[in-house]
Amino acid sequence: MPVAIHTTESSRSLITRPTGAPVVVVLGGISASRDARSWWPAIVGHKRAVDTRGFRVVGMDWLDGGEGRDGRPLRAISTHDQADALAAVLDEHEVQSLHAIVGASYGGMVALAFADRYPTRVEHVVAISAPARAHPMSTALRSIQRRIVELGLETGRGRDALAIARGLAMTTYRSAEEFGERFAESRDPRAERCSVENYLKHHGGKFVDVMSPARFLALSHSADAHSVDPTRIATRATFVAARGDTIVPIAQMDELAARWAGTSRLIELPARTGHDAFLAEPELIGPVLYDSLNEPAFT
């Protein structure tokens, strides 16, 4: 008989039952919530790759530094700050050690920071499209997004600017291959917008419903400031890279695996969507996560 899933929630975390099962932390991108089943439904849940019948799944909401009167963050937040917050969440739920942390994108950076700061509390790190430090091109792209948002705040149109910045971000989260296939039709000169423009506008509008300018600025800066030294971290690790990832090129993930002090492996996904493959192509990432969480320790 399937195990009923209940939850215990605080202001920043959520943990599923069954009580006593191995604990897996699941962390996503900057817009992910503490309920991994809501933003990753194809991966986390009943009979999914991260099966809530056999694992207690912990998620948390990101710290963001608060918001000042000018709409900007009050203080900087690092990925190590997020790792400390995760440790506090685990203490709150009386969880001493983790079977694994699964982190994708920004969540993968936090997973690396947690392994750096709390190596004895986690057996296995699964970092998906998450580097030891931000690539300069990724920082360049995010800095333009932040400038758009800052200009919006200065002119009283912070939300509009955030929507535009998110549209720009979507062009980096997805691959040129996918856009070429998905939006290949020629533009009708009579139409106000072509389909790719409508796509970007739609995602920008969705983003401002869950994200404030201050929160975005804080988390964007946090991603660019992220840094760990792989040669000092001995936790067992699985690194996952996606073909066509603009934000975290495969070469960066290869370097991370090569410099990692502990036992590690690198898995390259033959993705067509780039950085967002962990969301857009569950048929690729699902088997990797299932094997990582259920197989014996690799050597």
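An account of the accompanying structure is given in this report.

Reading the values: rules and limits
Sequence order as written defines residue numbering, which begins from 1 separately in each chain. Reporting of local features is limited, given that this is a predicted model, to residues whose pLDDT is at least 70; pairs of side-chain atoms are given and counted only at 80 or more, and all residues count toward the totals for whole chains, interfaces and linings. As a rule here, side-chain values cover all heavy atoms of the structure and leave hydrogens and water aside. Secondary structure is summarised from DSSP: a helix means a run of H or I of at least four residues, a strand means a run of E of at least two, and numbering begins at the N terminus for each. Computation of the radius of gyration draws on C-alpha atoms alone. For the globule rule, the value is 2.2 Å times the number of residues to the power 0.38. We call a residue buried when its accessible area falls under 20% of the maximum for its residue type, exposed when it is over 50%, and partly exposed in between, using a 1.4 Å probe and counting protein chains only. Contact criterion: two residues are considered in contact whenever any of their non-hydrogen atoms come within 4.5 Å of each other. Methods summary: accessible areas were calculated by the Shrake-Rupley approach with a probe of 1.4 Å, and residue burial reflects only the protein chains presented. Neither His nor the chain ends is counted toward charge; the positive residues are Lys and Arg and the negative residues Asp and Glu. By convention, the point assigned to a charge is CZ for Arg, NZ for Lys, CD for Glu and CG for Asp. For this analysis, a polar contact is any N or O atom pair within 3.5 Å, provided that within protein one partner can donate a hydrogen and the other can accept it, and provided that sequence-adjacent residues contribute only side-chain to side-chain pairs. Using only the protein atoms, space was sampled on a 1 Å grid; points where a 1.4 Å probe fits but cannot get out form cavities, open sets with protein on both sides within 12 Å along at least five of seven lines form pockets, and lining residues are those with an atom within 4 Å of a point. Grid points are joined across faces, edges and corners, and a volume is the space filled by probe spheres set on the points. Residues were grouped as follows: Ala, Val, Leu, Ile, Met, Phe, Trp, Tyr, Cys and Pro as nonpolar; Asp, Glu, Lys and Arg as charged; and all remaining residues, including Gly, as polar. Whenever a helix is involved, its axis is fitted only over the stretch in contact; in every case the axis is a line through C-alpha atoms, and angles between N-to-C directions fall within 0 to 180 degrees. Should an angle lie under 35 degrees it is considered roughly parallel, over 145 roughly antiparallel, and from 65 to 115 roughly perpendicular; all remaining angles are considered oblique. Handedness of a helix crossing follows the sense of rotation of the near helix relative to the far helix, less than a right angle counterclockwise being left-handed and clockwise being right-handed. Definition of nonpolar core: a set of buried residues of the types Ala, Val, Leu, Ile, Met, Phe, Trp, Tyr and Cys, connected through side-chain atoms within 4.5 Å. Expected span of a helix, by definition, is 1.5 Å for each gap between consecutive residues, and there is one gap fewer than residues. Working note: the arc is built from the helix axis to C-beta atom directions. Pairing of aromatic rings covers Phe, Tyr and the six-membered ring of Trp, with a centre-to-centre limit of 6.5 Å; geometry is then stacked below 30 degrees between planes, edge-to-face above 60, and tilted otherwise.

## Considerations on the overall build of the protein chain
Working step 1: The helix and strand tally for the protein chain stands at 11 helices and 10 strands.
Working step 2: On C-alpha atoms alone, the protein chain measures out to a radius of gyration of 19 Å, which is about the 19 Å that the 2.2 N^0.38 rule sets for 299 residues.
Working step 3: Seen along its three principal axes, the alpha-carbon backbone of the protein chain occupies a region of about 60 × 45 × 45 Å.
Working step 4: A burial count over the protein chain gives 52% of its 299 residues as buried.
Working step 5: Expressed as a percentage of contacts within the protein chain between residues at least 6 apart in sequence, the contacts between residues at least 24 apart total 74%.
Working step 6: Working note: accessible area of the protein chain is about 13400 Å², and carbon and sulfur atoms make up 51% of it.
Working step 7: With 34 positive and 36 negative side-chain charges, the protein chain shows a spacing of 3 Å between the two charge centroids.

## As for the side chain of Gln252
Working step 1: Note on placement: Gln252 falls in helix H9 (residues 250-259).
Working step 2: Exposure remark for Gln252: the relative accessible area of 14% places this residue in the buried category.
Working step 3: At 2.9 Å, the side chain of Gln252 forms a polar contact with the backbone oxygen of Arg133.
Working step 4: Aside from chain neighbours lying at most four places away, what touches Gln252 is Pro131, Arg133, Ala134, His135 and Ile247.

## Quick notes on unusual backbone geometry
Working step 1: Of note in this structure, Ser105 is not a glycine but carries a positive phi near 60°.
Working step 2: Structurally, Ser105 is set in the loop between strand S7 (100-104) and helix H3 (106-117).
Working step 3: For Ser105, a relative accessible area of 16% gives the class buried.
Working step 4: Here Ser129, not a glycine, exhibits a phi torsion of approximately 50°, which is positive.

## Structural notes on the layout of surface pockets
Working step 1: The calculated volume of the largest pocket comes to roughly 770 Å³.
Working step 2: Considering the residues around the largest pocket, the lining is formed by 28 residues, among which Ser31, Ala32, Arg166, Asp276 and Leu279 are closest to the centre.
Working step 3: Counting only elements with at least two residues in the lining of the largest pocket, the list comes to H3, helix H4 (136-154), helix H5 (158-173), helix H7 (195-208), helix H8 (213-225) and helix H10 (277-280).
Working step 4: Tallying contributions element by element places H8 first for the lining of the largest pocket, with four residues.
Working step 5: Tallied by class, the residues present in the lining of the largest pocket amount to 16 nonpolar, seven polar and five charged.
Working step 6: If you add up the space inside the second largest pocket, you get close to 190 Å³.
Working step 7: Taken together, Asp160, Ala163, Ile164, Gly167, Glu197, Leu200, Lys201, Gly204 and Gly205 make up the lining of the second largest pocket.
Working step 8: When contributions to the lining of the second largest pocket are tallied by element, the ones reaching two or more residues are H5 and H7.
Working step 9: With five residues, H7 is the single largest residue contributor to the lining of the second largest pocket.
Working step 10: Among the residues forming the lining of the second largest pocket, the class breakdown is three nonpolar, three polar and three charged.

## With respect to the packing of H4 against H8
Working step 1: It is at 10 Å that the axes of H4 and H8 come closest, and there the two elements cross at 160°. Relative to H8, the element H4 is oriented roughly antiparallel. Remark: the crossing between H4 and H8 carries left-handed chirality. Judged by residue contacts, Ser138, Thr139, Arg142, Gln145, Arg146, Val149, Glu150 and Leu153 of H4 engage Pro213, Phe216, Leu217, Ser220, His221, Ala223 and Asp224 from H8.

## Structural notes on the nonpolar core
Working step 1: In this structure, Leu98, Ile101, Phe114 and Phe239 are the most contacted members of the largest nonpolar core, which totals 58 residues.
Working step 2: Counting residues per element, this core draws most heavily on H3, at eight residues.
Working step 3: Once residues within four sequence positions are removed from consideration, Leu98 is found in contact with Val23, Val25, Leu90, Phe114, Arg121, Val122 and Glu123.
Working step 4: By size, the runner-up hydrophobic cluster in this structure holds 27 residues, among which are Trp40, Phe55, Ala271 and Leu293.

## Quick word on H4
Working step 1: Taking 1.5 Å of rise per residue, the 19 residues of H4 would be expected to cover 27 Å, and the 26 Å separating its terminal C-alpha atoms lies within 8% of that figure.
Working step 2: What H4 keeps buried is the set Ser138, Leu141, Arg142, Gln145, Arg146, Val149, Gly152 and Leu153. Taken end-on, H4 shows its buried residues confined to a sector of 135°, consistent with a single buried face. Exposed and facing more than 90 degrees away from the buried side of H4 are Pro136, Arg147, Leu151 and Glu154.
Working step 3: Just beyond H4, the residue with positive phi is Gly156, at close to 75°.

## Remarks on the packing of aromatic side chains
Working step 1: Applying the stated criterion to the full structure yields nine aromatic pairs.
Working step 2: Ring centres of Trp40 and Phe278 lie 6.0 Å apart, and the angle between their planes is 85°; on these two criteria the pair is classed as edge-to-face. Placement of Trp40 in the loop between helix H1 (36-39) and strand S4 (44-45) and of Phe278 in helix H10 is noted, with a sequence separation of 238 residues between them.
Working step 3: Overall, Phe278 belongs to the buried group, its relative accessible area being 3%.
Working step 4: Feature note: the residues Trp39, Trp40 and Phe278 constitute an aromatic cluster, connected by ring pairs.

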